[in-house]
Amino acid sequence: MSNQIRLDVNPMMAEYVGPRGIARAELDAMIPEMKKAHAAVEAGRGKDMQGWMDLPYNQDAIVAEIEATAAKVCEEFEAFVVLGIGGSALGPAAVQAALNHLHYNELPAEKRKAPRLYIEDNIDPERMAALMDVVDLKKTCFNVITKSGGTAETMSQYLIVTEALKAACGDDWKKHIIITTSEQKGFLIKIAKREGFKTFYIPDGVGGRFSELCPVGLIAAAVCNIDIRGLLAGAKEMDERCKTDDVFANPALLDAGLMVIAMNKGANMSVMMPYADSLKLMADWYAQLWAESLGKNLTLDGKPCNVGQTPIKTLGVTDQHSQLQLYTEGPFDKVITFLKVDAFRATTPIPHGCDDIPTIAFLGGKSHNQLIESERQGTEYALFKAQRMCQIISLPEVNANTIGQLLYFFELVTAYAGALLNINTFNQPGVEESKLAAYAVMGYDSEVHTAKREEMKNRPERKAEYIL
Ligand code: PA5
């Protein structure tokens, strides 16, 4: 059986879903632009912020070093904690959820055979205290991940953790920290060198949201016994598949083109609907990739554009009972992407029972595997009847190779879509204002932050009548 993931865009097309879908003529008219986008992405391969395209090929030495470090971590520690946010956390969380036991941390140690994993990607004041309640610092390793080396959330966690480790572990505290950061830029690399922490580097051309397949994601995965070589092999297979500019052979290019046409027709939301708990956090990872990469207000030639498509994270079948009503009868402003798993890693038979109630008795002798896929098909049909644009990405099964394919597929779709929209896919200037303002509010004393504090005072007075 092929391990290749498949994309089915029939339900995007008017030929299948009716006039609300994309007409073949619209796709044909877009093909020259899609070929140009493909050429632009290929021309940028490995350059500037497209270093992520090299990751499936250039990490042999680093993978060996990660595996050796992971083996040592497994020997010495009971818990492994990622301190990071955004691109430094969402990928590790998505891959762990996909490829390990759904209740990994609760498994007995002899079944888990690796440390428990915690991914601390927020600064809710209750969160650090909660973590300290469930880990033994003497048996815990912290992976501090920040490319810029200065992210307030992560570095404040670093300060809290180092103080706690010094108190708990004495002179040995430094052995409990692994740093993942830029080799050249930022303060964390300077701290790492000063303290002599074990350090891995995030390549310059790999931005946070494109970093899962570099040490950012690979270390936590390897520590939890995930086959990181399989992940990279899957990414490479997808990359090879997408080297052609034939839109009917390159799934990422076809997808990007159709998504951009859909956006131009008013579908300004992208619903990611995995029908598998293991893929639930893939929707979170995708949300950041899609939102931060494509939500831009200027084209590459400086013209106002305000483009992007709002990602929505859902889970099948759970959200059939929450959001499906809106998707079938609400505005025609969404594309729904199903993530389908052909073969689950477990089979759950449904026992016979309730023989006097035919609609329940009918379930006996079938399985959850049949039920979840039947419900997915039912949802797909309801959306078809309501003329909603959908697409289906099928994974033969969830394994390291297919997850590598999937991650790389979405990264490529995003890069092609950014090229089609003529925007800078790889920056995030819109996030900077909030960081500056937050430091100003915290009272940071620099010229720029003092000016920001003054600027913030110029907001209109809040009216009492609007505060209840
Ligand atoms: O995609 C991005 O670049 C961002 O989401 C970053 O990952 C996030 O802001 C964290 O940045 P850093 O890794 O520098 O701490």
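To keep things clear, this report deals only with the structure shown in the data block. (Residues numbered from 1 in each chain as written. Predicted model: local features only at pLDDT ≥ 70, side-chain atom pairs only at ≥ 80, totals over all residues. Heavy atoms only, no water.)

**Brief notes about the nonpolar core**
Ranked by size, the top nonpolar core spans 101 residues in total, and within it W52, F80, L231, L279, I403 and F410 carry the most contacts. If one sorts the elements of this core by residue count, helix α16 (residues 400-421) sits on top with 14 residues. Apart from the residues within four sequence positions on either side, I403 is in contact with V95, A98, L99, L231, L279, M282, L395 and V398. Ranked by size, the runner-up nonpolar core spans 22 residues in total, among them V81, Y158, L165 and C169. (Core = buried A, V, L, I, M, F, W, Y, C linked by side-chain atoms within 4.5 Å. Buried < 20%, exposed > 50% of the residue type's maximum accessible area, 1.4 Å probe, protein only. Helix = DSSP H or I, 4+ residues; strand = E, 2+ residues; numbered from the N terminus. Contact = heavy atoms within 4.5 Å.)

**A closer look at the side chain of T337**
Locating T337 in the fold gives a position in strand β11 (residues 334-341). Other than its neighbours up to four places away in sequence, T337 contacts V271, M272, M273, Q391 and I393.

**Quick notes on the site of the ligand**
Around the ligand, the neighbouring residues are I85, G87, S88, T146, K147, S148, T151, G208, R209, Q288, E292 and Q428. Residue T151 places a side-chain N or O atom 2.4 Å away from an oxygen atom belonging to the ligand. Considered on its own, the ligand offers 380 Å² of accessible surface; in the complex 88% of this is hidden by protein. The pocket occupied by the ligand, as judged from atoms lying within 2 Å of grid points, is the largest pocket. Residues that form the shell around the ligand fall into these classes: one nonpolar, eight polar and three charged. (Near = heavy atom within 4 Å. Polar contact = N/O pair within 3.5 Å; in protein donor to acceptor, adjacent residues only side chain to side chain. Areas by Shrake-Rupley, 256 points an atom, 1.4 Å probe, with all protein chains shown as cover. 1 Å grid on protein atoms, 1.4 Å probe; cavity = no way out; pocket = protein on both sides within 12 Å on 5 of 7 lines; lining within 4 Å. Sits in = over half its atoms within 2 Å of the grid points. Nonpolar A, V, L, I, M, F, W, Y, C, P; charged D, E, K, R; others polar.)

**Section: the packing of aromatic side chains**
Considering all chains together, one arrives at 14 aromatic pairs under this definition. Between W52 and F426, the aromatic rings sit 6.3 Å apart at their centres with planes inclined by 45°, giving tilted as the arrangement. With W52 in the loop between α2 (24-43) and α3 (60-76) and F426 in the loop between α16 and α17 (429-442), the pair connects residues that are 374 residues apart, well separated along the chain. Like W52, the residue F426 is buried in the burial classification. Ring geometry for Y275 versus F338: centroids 5.8 Å apart, planes at 45°, classification tilted. Here F338 lies in strand β11 and Y275 lies in the loop between β7 (269-274) and α12 (280-294), a separation of 63 residues in the sequence. The buried category is assigned to F338, whose relative accessible area is 0%. An aromatic cluster of three or more residues is present, and its members are W285, Y286, W290, F409 and F410. Over the ring of F200 we find K198, and its NZ or CZ is 5.0 Å from the ring centre. Above the face of the F338 ring, R376 is positioned so that its terminal group lies 5.5 Å from the ring centre. (Phe/Tyr/Trp six-rings, centres within 6.5 Å; stacked < 30°, edge-to-face > 60°. Lys NZ or Arg CZ within 6 Å of the ring centre and 35° of its normal.)

**Regarding the sheet that holds strand β10 (residues 310-313)**
The strand order across the open sheet formed by five strands is β1-β12-β11-β7-β10, and the pairing between neighbours is mixed. What marks the edges here is a single partner per strand, and that holds for β1 (6-8) and β10. Strand-to-strand twist across the sheet, computed as the mean angle between neighbouring axes with direction ignored, equals 20°. With four bridges connecting them, β7 and β10 associate as parallel partners. Among the inter-strand pairings, M272 is bridged to a residue of β10, identified as K313. (Pairing = 2+ DSSP bridges. Axes fitted to C-alpha atoms, helices over the stretch in contact; angles between N-to-C directions.)

**Concerning α2**
With 20 residues, α2 extends 28 Å between its outermost C-alpha atoms, agreeing within 8% with the 28 Å of an ideal straight helix rising 1.5 Å per residue. I31 marks where α2 bends most, by close to 40°; the proline P32 follows one to four residues later. Looking at α2, one finds that the buried residues are L27, M30, I31, M34, A37, H38 and V41. In this fold, the buried residues of α2 make contact with α11 (251-264) and α16. (Expected span 1.5 Å × (residues − 1). Bend = angle between axes of the 7 residues up to and from the residue.)

**Focus: the pairing of strand β4 (residues 140-146)**
The buried fraction of β4 amounts to seven of the seven residues, a majority that puts the element mostly inside the structure. Residues T140, F142, V144 and T146 of β4 are buried on one face, and the alternating residues C141, N143 and I145, pointing to the opposite face, are buried as well. Looking at chain direction, strand β2 (residues 79-83) and β4 are connected through five bridges and run parallel. Pairing of V82 across the sheet is with N143, part of β4. In this structure, β4 lies alongside strand β5 (residues 177-182), joined through five bridges in parallel fashion. Of the residues in β5, the one forming a bridge with T146 is T181.

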